[in-house]
Amino acid sequence: MDTQLLLGAEAIALAAIDAGISGVYAYPGTPSTEITEYIQQSPIARQKGVHSTWATNEKTAYEAALGMSYAGKRSLVCMKHVGLNVAADAFLNSAITGVNGGMVVVVADDPSMHSSQNEQDTRVYGKFAFLPVIEPSNQQETYDAIRYAFDLSEQQNLPVLFRVTTRLSHSRAVVKQQPPREENILNPSKEKRKWILLPANARNNYQQLLEKQTTLASLSEQSFLNKTIAGNGTKAIIAFGIAYNYVMEVKQAENLDIPVLKISQYPLPDKLIKEFTDKYDDILIAEEGYPAYEEYLKGYFGNKKFRGRLDGALPRTGELSPDVVAKAMGVESDTFRTIPSIVAGRPPMLCQGCSHRDVFDALNAIFAEYPEQHVFSDIGCYTLGALPPFNAINTCVDMGASVTMAKGAADAGLHPAVAVIGDSTFTHSGITGLLDAVNDKSAITLIISDNSTTAMTGGQDSAGTGKLAEICKGIGVEESHIRTFVPLKKNHDENVIILKEELEYKGVSVIIAQRECVQTASRKKRQENKK
Ligand code: SF4
């Protein structure tokens, strides 16, 4: 079969196409975006008719994938780790309904928060939902494990959670393809009790889910993803997911004769773990993310033979790397510590010519007249308005929180209560907050900095493009307080007047600052020139 040099994200995408998916659903989020982009650009996926559009948010994506599975087909749903919080309701309940066609839930975690608000570890969600979790350690294993995950999902009638992290998703290695398989035939589920989560049904399904745990653990015992690498001595390592790669890199480079237990499938294979841990006095637990399984293995009384992130053998926060793993393994060499000079730190900043710059300039001009400046912001390129020279925003908590936090502050008596949100984030989860503000007649001014794309993740389609004013009107914002302007230097004075008028209004007002992202615009131009 073919071999290709693929990102981890691309290996997931190719494996899913080869595994016979009928659709992929996703909301863009680093480091998961490239999975769906690859499928959208794949001529084979196009030829096979694999359905793919960017969903409005992760919950709608999840539920659509569940619907496709209900219909008997294989579906893939992708998101970043915080996206699973948005989809959590559907995710947890899908463990109770189970699935029909195979369904794989890919969640890309971002330890070290390269482009995220937190470091949450998706494996904890897997345990929370009682679902099987797969966490591959390299690109080839990622490809193979996706195919396996679809089979596992169909055998166990459960969604399978597939966790990757930034390094794996965004680094390349050679991947060998396996023969493609056909799509499932349309075969909608006939089992009503399973899918209608009335309490009587849900209780029954939940009991069945708990009973399946023994089978899931025994599948982990036999899985090709979990294995022991022989070695000598009294010290050993249990390495999870990509941490296995780091451990093996150090072990091979330093010629260390140390036994390693590799874990990439959960629930934990109890027998394998017990057999391994019984043999050694000092065991390093290398896991990317939370010390979730270190804590579990140490137990409540803190068995001291296990070392890791909890006792400082490894850093408690941030990504692992061969460097930190080498130190924890007692390796003194500098082999893993030299950062090439080509890797320069690049502080983030808004692009020159970005429309958000003009929005913040106008806001800052008007705020010169107000003693207090409180701007509730959201998640997108415009979050960089927090940095100099703008210093224009006060909050950024989660998707959509700008609107609802401004509402709460307005309800508390803060005036003006200004929220800034992007067009894609507005449709993702700002709309419902705006509806709350309308229903409660809260005095907020919402600025939708509309650049007609999801710019921060590379310019994916935005669900509200061209419809934002109509949406706001439709949910009850008074037409006379839905204003639009073009954020350009030449319009600065005019825009400041519009902002001032709406900030003075003691009700819900929306200002749509509309100008296309300059990066998206130039990309489009390049593509058109190519034709
Ligand atoms: S990518 Fe677009 S929206 Fe983001 S900073 Fe650059 S121009 Fe602005």
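Values in this document were obtained by computation on a predicted structure and should not be read as measured data. (Residues numbered from 1 in each chain as written. Predicted model: local features only at pLDDT ≥ 70, side-chain atom pairs only at ≥ 80, totals over all residues. Heavy atoms only, no water.)

Q: Would you take a moment to explain the overall build of the protein chain for this structure?
A: A tally of regular secondary structure across the protein chain gives 21 helices and 19 strands. Relative to a compact globule of 531 residues, whose C-alpha radius of gyration would be 24 Å, the protein chain shows 25 Å and is just as compact. If you line up the protein chain on its principal axes, its C-alpha atoms span 75 × 60 × 55 Å. The 531 residues of the protein chain split such that 55% are buried. Of the contacts made within the protein chain by residues no fewer than 6 positions apart, 77% connect residues no fewer than 24 positions apart. On the protein chain, roughly 23100 Å² of surface is accessible, and the fraction owed to carbon and sulfur atoms is 53%. Each charge class in the protein chain was averaged separately, 53 positive and 61 negative side chains, and the resulting centres sit 4 Å apart. (Helix = DSSP H or I, 4+ residues; strand = E, 2+ residues; numbered from the N terminus. Rg over C-alpha atoms; globule rule 2.2 N^0.38 Å. Buried < 20%, exposed > 50% of the residue type's maximum accessible area, 1.4 Å probe, protein only. Contact = heavy atoms within 4.5 Å. Areas by Shrake-Rupley, 256 points an atom, 1.4 Å probe, with all protein chains shown as cover. Lys, Arg positive; Asp, Glu negative; His and termini not counted. Charge placed at Lys NZ, Arg CZ, Asp CG, Glu CD.)

Q: Help me out: how do you make sense of the site of the ligand in this one?
A: Neighbouring residues of the ligand: L350, C351, C354, H356, C381, N451, A455, C517, V518 and Q519. Of the residues that constitute the shell around the ligand, the class distribution is seven nonpolar, three polar and no charged. (Near = heavy atom within 4 Å. Nonpolar A, V, L, I, M, F, W, Y, C, P; charged D, E, K, R; others polar.)

Q: Explanation requested: the environment of E479 in the structure shown.
A: Among the secondary structure elements, E479 is positioned in the loop between α19 (468-474) and β18 (482-485). Along the sequence, E479 and V510 sit 31 residues apart, while their C-alpha atoms lie 9.4 Å from each other.

Q: Where do I start with the sheet that holds strand β11 (residues 260-263) in this structure?
A: Here we have five strands laid out as an open sheet, ordered β9-β11-β10-β13-β14, and mixed in their pairing. Both edges of this open sheet fall to β9 (227-229) and β14 (306-307), since each of them pairs with a single strand only. Two strands pair when backbone bridges link them, and β9 and β11 are joined in this way by three bridges, in the antiparallel orientation. Note that in β11 the partner of I229 across the bridge is V260. (Pairing = 2+ DSSP bridges.)

Q: What is the right way to read the packing of helix α1 (residues 8-18) against helix α2 (residues 33-41) from this model?
A: Packed helices, taken two at a time, are described by their axes: the angle between them and the distance between them. α2 packs onto α1 with a crossing angle of 45° between their chain directions and a minimal axis gap of 8 Å. Classified by the interaxial angle, the pair formed by α1 and α2 is oblique. As α1 packs across α2, the resulting crossing turns out to be right-handed. Across the interface between the two elements, A9, E10, I12, A13, L14 and I17 of α1 pack against E34, I35, Y38 and I39 of α2. (Axes fitted to C-alpha atoms, helices over the stretch in contact; angles between N-to-C directions. Parallel < 35°, antiparallel > 145°, perpendicular 65-115°, else oblique. Left-handed = near helix turned anticlockwise from the far one by under 90°.)

Q: Any chance you could explain the packing of aromatic side chains here in plain terms?
A: In this description, an aromatic ring pair is defined by two values, namely the gap between the centres and the angle between the planes. In this structure the tally under the stated criterion is 14 aromatic pairs. With centroids separated by 5.1 Å and ring planes inclined at 55°, the aromatic side chains of F276 and Y280 adopt a geometry described as tilted. What makes Y280 buried here is its relative accessible area of 9%. One cation-aromatic arrangement involves R123 over F240; the distance from NZ or CZ to the ring centre is 5.8 Å. For K262, the ring lying beneath its charged end belongs to Y244, and the centroid distance is 5.4 Å. (Phe/Tyr/Trp six-rings, centres within 6.5 Å; stacked < 30°, edge-to-face > 60°. Lys NZ or Arg CZ within 6 Å of the ring centre and 35° of its normal.)

Q: Would you take a moment to explain the pairing of strand β5 (residues 103-109) for this structure?
A: The buried fraction of β5 is high, at seven of seven residues. The alternating pattern of β5 places M103, V105, V107 and D109 and V104, V106 and A108 on opposite faces, both of which are buried. One ladder, built from six bridges, connects strand β4 (residues 74-80) with β5; its direction is parallel. Each residue of the ladder has a partner; that of K80, found in β5, is A108. Summarising the sheet, β5 and strand β7 (residues 160-165) pair through six bridges and their orientation is parallel. Along β7, the bridge assignment pairs V107 with R163.

Q: Got a minute to help me understand the nonpolar core in this structure?
A: Generally speaking, soluble globular proteins have nonpolar side chains that are buried together. Counting residues in each nonpolar core, the largest one holds 106 residues, and the members touching the most others are L76 and F162. Broken down by element, the residue count for this core peaks at eight residues, all from α1. Of the residues that make up this core, three or more belong to each of domain 1 (3-222) and domain 2 (227-329). Setting aside chain neighbours within four positions, we find L76 in contact with A16, I21, G23, V24, Y25, I35, I39, A65, V104, V106 and F150. Counting 47 residues, the second-largest nonpolar core is a separate cluster that includes C354, V418, I447 and I512. (Core = buried A, V, L, I, M, F, W, Y, C linked by side-chain atoms within 4.5 Å. Domains from an automatic or database assignment.)

Q: Before we go on, may I ask you to explain unusual backbone geometry in this structure?
A: Glycine aside, negative phi is the norm for most residues, and most peptide bonds take the trans geometry. Residue P31 is bonded to the preceding T30 through a cis peptide linkage, with omega at 10°. With respect to the helices and strands, the residue P31 is situated in the loop between β2 (21-26) and α2. Put simply, Y266 and P267 share a cis peptide bond, and its omega is 5°. Looking at the secondary structure, you find P267 in the loop between β12 (265-266) and α13 (270-278). Phi is positive for S112, close to 80°, though the residue is something other than glycine.

Q: Would you explain the sheet that holds strand β6 (residues 133-134) in this entry?
A: Strand pairs in the sheet, formed through backbone hydrogen bonds, run parallel or antiparallel to each other. Reading across the sheet, the seven strands line up as β3-β2-β4-β5-β7-β6-β12 and stay open at both edges, with mixed pairing between neighbours. With one partner strand each, in any of the chains shown, β3 (51-54) and β12 form the two edges of the open sheet. Running at roughly 165° to β7, helix α7 (residues 122-129) makes contact with β5, β6, β7 and β12 of the sheet.

Q: Please clarify how the pattern of salt bridges should be interpreted in this entry.
A: Counting across every chain of the model gives 25 salt bridges. In this structure, K73 and E183 form a salt bridge, with 3.3 Å as the shortest nitrogen-oxygen distance. Here the residue K73 occupies a position in the loop between α4 (58-70) and β4, and E183 occupies one in the loop between β8 (172-176) and α10 (192-195), the gap between them amounting to 110 residues. Through salt bridges that share partners, D109, D121, R123, E135, R163 and E287 make up one connected network. (Salt bridge = Lys/Arg side-chain N within 4 Å of Asp/Glu carboxyl O.)

Q: Is there a simple way to think about the packing of α4 against helix α6 (residues 88-97) in this case?
A: Across the interface, α4 lies against α6 with an axial gap of 9 Å and an inter-helix angle of 20°. With respect to α6, the axis of α4 lies roughly parallel. The chirality of how α4 crosses α6 is left-handed. Residues K59, Y62, E63 and L66 of α4 pack against D89, A90, F91, S94 and T97 of α6. Across the contact of α4 with α6, the residue classes break down as four nonpolar, two polar and three charged.

Q: How should the UniProt feature "domain: Thiamine pyrophosphate enzyme TPP-binding" (unreviewed entry) in the protein chain be read in this particular structure?
A: According to UniProt, the feature "domain: Thiamine pyrophosphate enzyme TPP-binding" (unreviewed entry) maps to residues 378-466 in the numbering used here. Along residues 378-466 one finds 33% helix and 15% strand; the C-alpha atoms at either end are 21 Å apart. (UniProt positions renumbered as here; feature names shortened; annotations may be inferred.)

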